[in-house]
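# Chain and residue survey
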Amino acid sequence: MKFGPVPIDQAEGAVLAHATTAGERRFRKAHRLSAEDVSALKAAGIAEIVAAVLAADDLSEDAAAEKIAASMAHRNIEAKPAATGRVNLHARAAGVFTVDATMIDAINAVDPTITIATLAQHAPVEKGQMVATVKIIPFAVASALVDAVVKICAGGEIFAVNAYQPVRIGVIQTVLPGIKASVLDKTQRVTEARLARSGARLTAERRTPHEVAPVAEAAAALARDNDMVVIFGASAMSDFSDVVPAAIEKAGGTVIRAGMPVDPGNLLVLGTLDGKRVIGAPGCARSPKENGFDWVLDRLIAGLDVTAKDIAGMGVGGLLMEIPTRPQPREPLPTRAGLKVEIVLLAAGRSSRMGGSNKLLALFDGKPLVRRTAERALGSKASSTVVVTGHQRERVRQALAGLDVIFADNPDFADGLSSSLKAGIARVGADAAGAMIVLGDMPGISSADLDRLIEAFHRDGGHSVVRAAHDGRRGNPVLLPRALFPAIAHLEGDTGARHLVEAEGLDVIDVEIGDGASIDVDTREALEDAGGVLQD
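Residues numbered from 1 in each chain as written. Predicted model: local features only at pLDDT ≥ 70, side-chain atom pairs only at ≥ 80, totals over all residues. Heavy atoms only, no water.

### Thoughts on the overall build of the chain
Secondary structure assignment for the chain yields 16 helices and 30 strands. Restricting the contact set of the chain to residue pairs at least 6 apart, pairs at least 24 apart contribute 70%. Summed over all atoms, the accessible surface of the chain reaches about 24300 Å², with 51% contributed by carbon and sulfur. Within the chain, one finds 58 positive and 66 negative side-chain charges whose respective centroids are separated by 3 Å. (Helix = DSSP H or I, 4+ residues; strand = E, 2+ residues; numbered from the N terminus. Contact = heavy atoms within 4.5 Å. Areas by Shrake-Rupley, 256 points an atom, 1.4 Å probe, with all protein chains shown as cover. Lys, Arg positive; Asp, Glu negative; His and termini not counted. Charge placed at Lys NZ, Arg CZ, Asp CG, Glu CD.)

In structure tokens:
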């Protein structure tokens, strides 16, 4: 491939390095020029372009990425269509990610033009989440380099999502004088919530004195009817012969490892009893915050073995965030109060399929749709709501009279969705960690739905895209982290957040919110089916 200035007479088949305008036509970056395109550029007076000219043995960026992705062996993972030289791979199921680091390193060592990035080894993933991305850096790459990568991929499974299994778990909580029942009740609730993310179930709970014999008896009984046993000791393990490890051995089991190099989580005990795994939970497992207990629990529920050697190898990366429930916090916690989310409500469209009526002014239970949507945005945990107006701007503003919203006018609304995104993001506060893009024509979205997306964004630390889904299918709204804001400025035409998400390669968290994520009212029939009444 040759890259640089190309005379327009020699440009047919070349790939544009930059977006280029010729009269009323605009050619996007990476567009491959046809003879008709060249004629249009010449007619506009353009004599030279900066482009990539492919050699006979080159593969285009998309073809190369697709060939590499197709050659990979993996489980529970789906490869998305190539775009801008990138193929993103997403989890088909929730589970734990495993990867052959040697193969990944070998691929990335072939040539800098070919890259692959993945999640960390043993990262927990949700269904639909991106787990890996193949990216070709230039517009084309030599086919010999792609063939070298394909050969590496033939070496076996490169990565997988080990799907969570419907594991049944019995829980033991030991009791000492002074232990409040409310503490034990809370531990049970936290554990049930922790298991819910993987589909595992807490099927039985026993409360015993903090003594070896009763704990051993309860463990043996629970192991008969469950796939795993978890023991919460009323007192933390202080010796490898303490109550929990001693009880496992008294019940006829084996202690695999006592203690782990993960903090919080140091005092975990892992054993086996009648072929079932037994975990002595560290005290921090009473909190929902991530700790070493999660690392072991998730892997076991996903069907992965955890050995003493595995636990010994968890020290690098094992210094986790402090959790508030520890009795002696190492350092003060940074607050997440500043992790603000603002809503950008898009209300500038022309409703072109409504025969002249503006769907945003259609009445739902006597209220204009755009006002109903704005009220639900204001009723959420978002810090503020920006409404982007354009078509029939004054009528839309009148419908929103009295609401505490920020207006952003988009005079270029006829150019497509990207112009409204730009106008809205430009009004988002400098201290916002993310912006949720809400379409004005989705009557099924509630404030609670919006809050679920915001809560998922907070749990992730504001790093990932959070997207509403229905029955596993992507929908709207979409919450974009601030890292994506600069890319919005480069969108063109009727391009929205979906293209941006796929092109930029950030992790995506899909949140199931029901059919509200997929119900919009683009046609008169759809609007009437949803209960709306159009106004002239």
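The rest of the description comes next.
### Examining the sheet that holds strand β2 (residues 15-16)
Strand order in the open sheet formed by 3 strands is β1-β5-β2, with antiparallel pairing between adjacent strands. The strands lining the two open edges of the sheet, one partner per strand, are β1 (2-7) and β2. Here 2 bridges tie β2 to strand β5 (residues 48-53), and the two strands are oriented antiparallel to one another. Its bridge partner being in β5, V15 is matched across the sheet by A52. (Pairing = 2+ DSSP bridges.)

### Digging into the pattern of salt bridges
Inspection of the entire model under this criterion finds 21 salt bridges. Measuring nitrogen to oxygen at the nearest pair gives 2.8 Å for the salt bridge that ties R467 to D510. With a gap of 43 residues between them, R467 in strand β28 (residues 465-470) and D510 in strand β30 (residues 508-512) connect regions that are remote in the sequence. Classification of D510 as buried rests on a relative accessible area of 14%. The network of salt bridges with common partners includes R194, R197, D294 and D298. (Salt bridge = Lys/Arg side-chain N within 4 Å of Asp/Glu carboxyl O. Buried < 20%, exposed > 50% of the residue type's maximum accessible area, 1.4 Å probe, protein only.)

### Topic: the sheet that holds strand β9 (residues 86-91)
If you walk across this open sheet you meet the 4 strands as β8-β9-β13-β11, and the pairing is antiparallel. Bordering the open sheet on either side are β8 (77-79) and β11 (114-118), each of which pairs with just one other strand. Each strand of the sheet is rotated relative to its neighbour by a mean of 15°, with strand direction disregarded. Taken together, the 5 bridges between β9 and strand β13 (residues 130-136) define a ladder with antiparallel strand orientation. Within the sheet, the bridge partner assigned to N88 lies in β13 and is T133. (Axes fitted to C-alpha atoms, helices over the stretch in contact; angles between N-to-C directions.)

### A short note on the packing of aromatic side chains
All chains considered together, the criterion is met by 3 aromatic pairs. Centroid distance F3 to F139: 6.5 Å. Interplanar angle 25°. Geometry classified as stacked. With a gap of 136 residues between them, F3 in strand β1 and F139 in the loop between β13 and β14 (140-142) connect regions that are remote in the sequence. Taking the relative accessible area as the measure of exposure, F3 reaches 53% and is therefore exposed. (Phe/Tyr/Trp six-rings, centres within 6.5 Å; stacked < 30°, edge-to-face > 60°.)

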